[in-house]
2 protein chains.
Amino acid sequence: MMTRYPHETRILVATDCIIFGFNGEELKLLIIKRNFEPEEGKWSLMGGFLHENEDLEAGAKRILYDLTGLNNIYVEQLGAFGKVHRDPVERTLSVAFFALINIHNHDQEAVKAHYANWVSLKNKPELIFDHDEMVTMALDHLRYNAALHPIGFELLPEEFTIPQLQKLYEAIYDMRLDRRNFSRKILSTGLLVDTGWKNEHSTTKKAVLYRLDKEKYQRKFYAFWNFIPNINPNHA
Amino acid sequence: MMTRYPHETRILVATDCIIFGFNGEELKLLIIKRNFEPEEGKWSLMGGFLHENEDLEAGAKRILYDLTGLNNIYVEQLGAFGKVHRDPVERTLSVAFFALINIHNHDQEAVKAHYANWVSLKNKPELIFDHDEMVTMALDHLRYNAALHPIGFELLPEEFTIPQLQKLYEAIYDMRLDRRNFSRKILSTGLLVDTGWKNEHSTTKKAVLYRLDKEKYQRKFYAFWNFIPNINPNHA
DNA sequence: CTGATTTGTGTCGGATACACACAATTTTTT
DNA sequence: AAAAAATTGTGTGTATCCGACACAAATCAG
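Note that this is a predicted model, so its numbers are computed, not measured.

(A) The overall build of chain A, seen in detail. When helices and strands are tallied, chain A shows 6 helices and 10 strands. Its C-alpha atoms give chain A principal-axis dimensions of about 65 × 40 × 35 Å. Looking at chain A as a whole, 52% of its 236 residues are labelled buried. At a minimum sequence separation of 6, the contacts of chain A that also span at least 24 residues come to 69%. A total of about 11900 Å² of accessible surface is found on chain A, and carbon and sulfur atoms cover 49% of it. Of the charged side chains in chain A, 29 are positive and 32 negative; the average position of the first set lies 8 Å away from that of the second.

Below is the structure:
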């Protein structure tokens, strides 16, 4: 191939995926135990090199499909990580992707085949390269954006109860929320549709199952603006 | 150099800068008329290839310094643009950087030497490659983030009046704001310090000059949360 | 000095946020 | 069967905030 930028250096480009899930109690991160060099045996994010004729986002989706068997994952680009020596083997620029999945939907076999594990964010092992930095950034991103946009639903099953939703938010922000105010606020957005069913798993009073109004979800992507109070130290 | 990823493809990496300024009336964008191939004679963002031993952010700052002579520019990474054919000459991944500068501070000679021009956002020429897309994204980013964080000050001189600040916000959001509510809100953040001086340029009542409290700017980076009303179609 | 323009400050009514109380449903216990 | 325990659903009041709006002060042109 004839190139017209002959004197410039070309470098490797990879994508790494920060994949969050929620098990009903706490936030989980999907990471792999590497059975390949370099850093074999250590923990890292799932990632891979970008192919020659592959768009960035397509590369991320390929990697996500490989690991989870899922195609319709919520993905956002977090940003490029480009420190010269971030990969000690050879300079590699990595574009990090932020992903939210329903933890019960993924292909467990594929996950096993990649030696992948869901780990709690609170006691996750140290990761290779700058992957810890990426996870920190992704968690900040989640907290920041879940307060402004209704992206939290991506972590829940199709049908869910308001108490389940509240537990998700309490996990994300590591804080307790008032049940009554939470319910009122969430219902006032108009994003939830009563399915008419009730949660049969509960051992006490069965909560109503809701689903997300997908059409409103598009129109009201800003519905959570100012949703979580005092994330912002607006006062004092 | 011996590499351990022998079978992967390496690609060119560039950075492009979306540089905003404010002239007191409207938002401006700094772009260059290319006097080099490819696309010579057309308009584009200022950019360049990443050097072999240069960090990403350092590359962006180098390019910004080249063009403006400024070192302390407010810069954020916007994200990576990686479409396979975005540069028709050879595949190039570009990391876009968002920059805000005080339009009166830059080195006019350096700008001239690069055939650069400040253009109004409302009638900017078409740019090469995917640079128009980058500008659109940068403008969205500015609107989104200036509503949440006090970054607008980066576009103003050290000392400014509240009416000047209001004009800036009106330019960013292309809407009129109530003078009295704006003043009350802005002062209630505690970010502004009265310098004791007045704007001698005015031909009518001279407004008080304020400066930003830099220490509080750090502590209260969230002070503008919910600052611009109804950016969010929260209702209906 | 009068009028035009711009800047600074105040007020009022409606809406919203958050703290908190009570009623209803389901299973377990006695 | 009745009471207790756990969880879910709905209501109420007060303090605060938001946005609409009125008036006073400063500056200059004429």
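The rest of the description comes next.
(B) Highlighting the nonpolar core. By size, the foremost hydrophobic cluster in this structure holds 101 residues, and its most contacted members are Phe20, Leu142 and Leu165 of chain A together with Phe20 and Leu142 of chain B. Counting 52 residues, the second-largest nonpolar core is a separate cluster that includes Leu67 of chain A together with Leu50, Val111 and Ala116 of chain B.

(C) Highlighting the interface of chain A and chain B. In this assembly, 48 residues from chain A lie in contact with 48 residues from chain B. Contact between chain A and chain B buries roughly 4500 Å² in total, counting both sides, with carbon and sulfur atoms accounting for 57%. In terms of surface lost to chain B, no three residues of chain A exceed Tyr5, Tyr144 and Trp225 of chain A, which account for 17% of the buried area on that side. Linking chain A to chain B there are 2 salt bridges. As a salt-bridge pair, glutamate 90 of chain B and arginine 10 of chain A come within 2.6 Å of each other at their nearest N and O atoms. Here chain A and chain B share 17 residue pairs in polar contact (both at pLDDT 80 or more) between them. Of all the secondary-structure elements, those providing two or more residues to the side of chain A that touches chain B are strand S1 (10-22), strand S5 (74-81), strand S6 (92-100) and helix H3 (131-146) of chain A. Considering only residue class, the side of chain A that touches chain B consists of 23 nonpolar, 13 polar and 12 charged.

(D) Seen up close, the relation of the copies chain A and chain B. Mapping chain A onto chain B calls for a rotation angle of 180 degrees and an axial translation of 0.0 Å; the resulting RMSD is 0.0 Å. What we have between these two chains is a two-fold relation. A symmetric contact is evident, with 100% of the interface residues of chain A recurring at the interface of chain B.

(E) Seen up close, the domain arrangement of chain A. Residue and element names in this part refer to chain A. Each assigned domain of chain A is listed here: domain 1 (12-146) and domain 2 (152-219). Listed by partner, the interface residues are 15 residues for domain 1 and 14 residues for domain 2. Interface area, domain 1 with domain 2, both sides summed: about 1300 Å², of which 63% is carbon and sulfur. Taken as a group, Phe22, Arg143 and Ala146 account for 41% of the area that domain 1 buries against domain 2, more than any other trio of residues on that side. Our count for the domain 1 to domain 2 interface comes out at 1 salt bridge.

(F) Geometry of the sheet that holds strand S10 (residues 208-212) of chain A. Residue and element names in this part refer to chain A. Here 3 strands make up an open sheet; going across it, the order is S8-S10-S9 and the pairing antiparallel. The open sheet has two edge strands with one neighbour each: strand S8 (159-161) and strand S9 (192-198). Across the sheet, the mean angle from the axis of one strand to that of its neighbour is 45 degrees, orientation sign disregarded. Bridge analysis of S8 against S10 gives 3 bridges, and the strand direction is antiparallel. Residue glutamate 159 lies in a different strand from S10, and its bridge partner there is arginine 211. Sheet strands touched by helix H4 (residues 162-173): S8, S9 and S10. Its angle to S8, the strand with the most contacts, is close to 80 degrees.

(G) Seen up close, the pattern of salt bridges. Counting across every chain of the model gives 26 salt bridges over all chains. Here arginine 86 of chain B ties to aspartate 16 of chain B by a salt bridge, and the two come within 3.9 Å at their closest N and O atoms. Separated by 70 residues along the polypeptide, arginine 86 of chain B in the loop between strand S5 (74-81) and strand S6 (92-100) and aspartate 16 of chain B in strand S1 (residues 10-22) bring together distant segments of the chain. The buried category is assigned to aspartate 16 of chain B, whose relative accessible area is 7%. When salt bridges that share partners are traced, they join Asp16, Arg86 and Asp130 of chain A into one network.

(H) Here's a closer look at helix H4 (residues 162-173) of chain B. All names here are of chain B. Across its 12 residues, H4 extends 17 Å between first and last C-alpha, which sits within 8% of the 16 Å expected from 1.5 Å per residue. Within H4, burial applies to Ile162, Leu165, Gln166, Leu168, Tyr169, Glu170, Ile172 and Tyr173. Directly beyond the C-terminal end of H4, a positive phi value near 50 degrees is found at aspartate 174.

(I) Inspection of the confidence of the model for chain A at higher detail. Mean pLDDT over chain A works out to 92, with 95% of the residues at or above the 70 mark. Here residues 232-236 of chain A is a poorly scored stretch, pLDDT under 50, and it has 10 contacts once near neighbours within four places are set aside; other chains count.

(J) How the structure looks around H3 of chain A. Helix length check: H3 of chain A (16 residues) gives 22 Å between terminal C-alpha atoms against 22 Å at 1.5 Å per residue, within 8%. Listed as buried for H3 of chain A are His131, Met134, Val135, Ala138, Leu139, His141, Leu142, Tyr144, Asn145 and Ala146 of chain A.

(K) Here's a closer look at the layout of surface pockets. Residues and elements named next belong to chain A. Of the pockets and cavities examined, the second largest pocket occupies roughly 720 Å³. Lining the second largest pocket are 26 residues, with Thr161, Ile162, Pro163, Gln164 and Ala207 sitting closest to its centre. Counting residues per element, the ones that place at least two in the lining of the second largest pocket are H4, helix H5 (179-188) and S10. By residue number, the principal contributor to the lining of the second largest pocket is H4, which donates 6 residues. Looking at the lining of the second largest pocket residue by residue, the classes come out as 9 nonpolar, 9 polar and 8 charged. Structurally, the lining of the second largest pocket is a two-domain feature, drawing no fewer than three residues from each of domain 1 (12-146) and domain 2 (152-219).

Basis of the calculations
Residues numbered from 1 in each chain as written. Chains lettered and ligands numbered in written order. Predicted model: local features only at pLDDT ≥ 70, side-chain atom pairs only at ≥ 80, totals over all residues. Heavy atoms only, no water. Helix = DSSP H or I, 4+ residues; strand = E, 2+ residues; numbered from the N terminus. Buried < 20%, exposed > 50% of the residue type's maximum accessible area, 1.4 Å probe, protein only. Contact = heavy atoms within 4.5 Å. Areas by Shrake-Rupley, 256 points an atom, 1.4 Å probe, with all protein chains shown as cover. Lys, Arg positive; Asp, Glu negative; His and termini not counted. Charge placed at Lys NZ, Arg CZ, Asp CG, Glu CD. Core = buried A, V, L, I, M, F, W, Y, C linked by side-chain atoms within 4.5 Å. Buried area = accessible area lost by both parts, 1.4 Å probe. Salt bridge = Lys/Arg side-chain N within 4 Å of Asp/Glu carboxyl O. Polar contact = N/O pair within 3.5 Å; in protein donor to acceptor, adjacent residues only side chain to side chain. Nonpolar A, V, L, I, M, F, W, Y, C, P; charged D, E, K, R; others polar. Least-squares fit on C-alpha atoms with pLDDT ≥ 70 in both. Domains from an automatic or database assignment. Pairing = 2+ DSSP bridges. Axes fitted to C-alpha atoms, helices over the stretch in contact; angles between N-to-C directions. Expected span 1.5 Å × (residues − 1). pLDDT = per-residue confidence, 0-100. 1 Å grid on protein atoms, 1.4 Å probe; cavity = no way out; pocket = protein on both sides within 12 Å on 5 of 7 lines; lining within 4 Å. Points joined across faces, edges and corners; volume = space filled by probe spheres on them.

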